[in-house]
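So the chains spell out like this:
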Amino acid sequence: MSDLTTLMSRATATVDATPAAVLDDDVSRGQRARRRRTRLVGTGVAGAFAATVAVGAPLLTSTTPAAAAELVAYTAEQPAGFTIAEVPEGWHVLSSDRSSLMLADGDDDGSDPSSFEGRIVASLVGSQSLPGGEFEAQTFAVGGQEVLVYDMLEVDGQPGGTLGVFAPEGDGDYLSVQLPPELHWTGEVAARFVEGLDVTDDAGHTGG
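Here is what the cut-offs are and how they apply
- Sequence order sets the numbering: in each chain, residues are counted from 1 along the sequence as written.
- With pLDDT at 70 or above as the cut-off, local features in this predicted model cover only qualifying residues; side-chain atom pairs require 80 or more to be listed or tallied, and sums for whole chains, interfaces and linings still use all residues.
- Water and hydrogen atoms play no part in the side-chain values, which are based on all heavy atoms of the structure.
- Definitions used for this entry: grid spacing 1 Å over protein atoms alone; cavity, a set of points where a 1.4 Å probe fits but cannot get out; pocket, an open set with protein on both sides within 12 Å along at least 5 of 7 lines; lining residue, one with an atom within 4 Å of a point.
- Grid points are joined across faces, edges and corners, and a volume is the space filled by probe spheres set on the points.
- Put simply, DSSP marks the helices as runs of H or I at least four residues long and the strands as runs of E at least two long, and each gets a number from the N terminus on.
- Under the convention adopted here, Pro, Cys and the residues Ala, Val, Leu, Ile, Met, Phe, Trp and Tyr are nonpolar, Asp, Glu, Lys and Arg are charged, and Gly plus all remaining residues are polar.
- Here, the term nonpolar core denotes a set of buried Ala, Val, Leu, Ile, Met, Phe, Trp, Tyr and Cys residues that are joined through side-chain atoms within 4.5 Å.
- Think of it in three bands: with a 1.4 Å probe and only protein chains considered, a residue is buried below 20% of the maximum accessible area for its type, exposed above 50%, and partly exposed in between.
- The rule for a salt bridge is simple: a side-chain nitrogen of Lys or Arg has to be within 4 Å of a carboxyl oxygen of Asp or Glu.

(A) Representation of the layout of surface pockets in the model. Here the largest pocket defines a volume of roughly 220 Å³. What lines the largest pocket is a set of 14 residues, and nearest its centre among them are Met-152, Phe-166, Ser-176, Val-177 and Gln-178. In terms of residue count, strand 9 (residues 159-170) provides more of the lining of the largest pocket than any other element does, four residues in total. Its residues assigned to classes, the lining of the largest pocket shows eight nonpolar, six polar and no charged.

(B) Local environment of the nonpolar core. Formed by 28 residues in total, the largest nonpolar core has its most connected members in Leu-175, Val-177, Leu-179 and Phe-193. For this core, the secondary structure elements donating two or more residues are strand 2 (82-84), strand 5 (100-105), strand 6 (120-126), strand 8 (145-153), strand 9, strand 10 (173-179), helix 3 (187-195) and strand 11 (197-199). When residues of this core are assigned to their parent elements, the largest contribution, four residues, is made by helix 3. Judged by nonpolar contacts, the second largest core, of five residues, contains Val-125, Leu-148, Tyr-150 and Tyr-174.

(C) The arrangement of the pattern of salt bridges in detail. Applying the stated criterion across every chain yields a total of two salt bridges. Residue Arg-192 pairs with Glu-86 through a salt bridge whose shortest N-O separation is 2.8 Å. Highlighted residues: Arg-192 in helix 3 and Glu-86 in strand 3 (residues 86-88), separated in sequence by 106 residues. Among the salt bridges present, the one from Arg-119 reaches Asp-108, with a minimum N-O distance of 2.6 Å. Highlighted residues: Arg-119 in the loop between strand 5 and strand 6 and Asp-108 in the loop between strand 5 and strand 6, separated in sequence by eleven residues. When sorted by exposure, Arg-119 lands in the same class as Asp-108, which is buried.

Put into structure tokens, the structure is as follows:
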């Protein structure tokens, strides 16, 4: 019986040898195909990287949000109708009476006493002065009570950064505080400020 090696040798001998030219052509085609695949893969990676850089480019911008005003202890004389625990650093009492309190920064000389722009304005109001139900408020627990913080709308109907804060004072009354966008405060900081602001027994309603 012939062994396996003998059978394989006979089978190999009966197969015509492949011409060298055919082998050379096969090798050349394989090399060209490999070069094409290499170029395609390289182009794909470069394209993907370029797209990533383009999409990520805005993340490299150096725009920095304005810093929020820091709260510091209020050490000056307490104003009429109100008590103050903290104020934005550099701010002072511009005016006060039984019905309203106005705070301004150090550059405000009070030359326009009727303007609320860029100033903190506080007053005692009734529940009728609360914004309507179409406005959504942030709520913060302050001293066991719920303080409401609203994004107030500008004349164009869009939020402009002014915050309106309402803290309950009992008997349906609220301490209403308007905070200008120059403070760059979050609702949480606004609630903290109002926690340190209170009305005295001498305070009167401004309306509502």
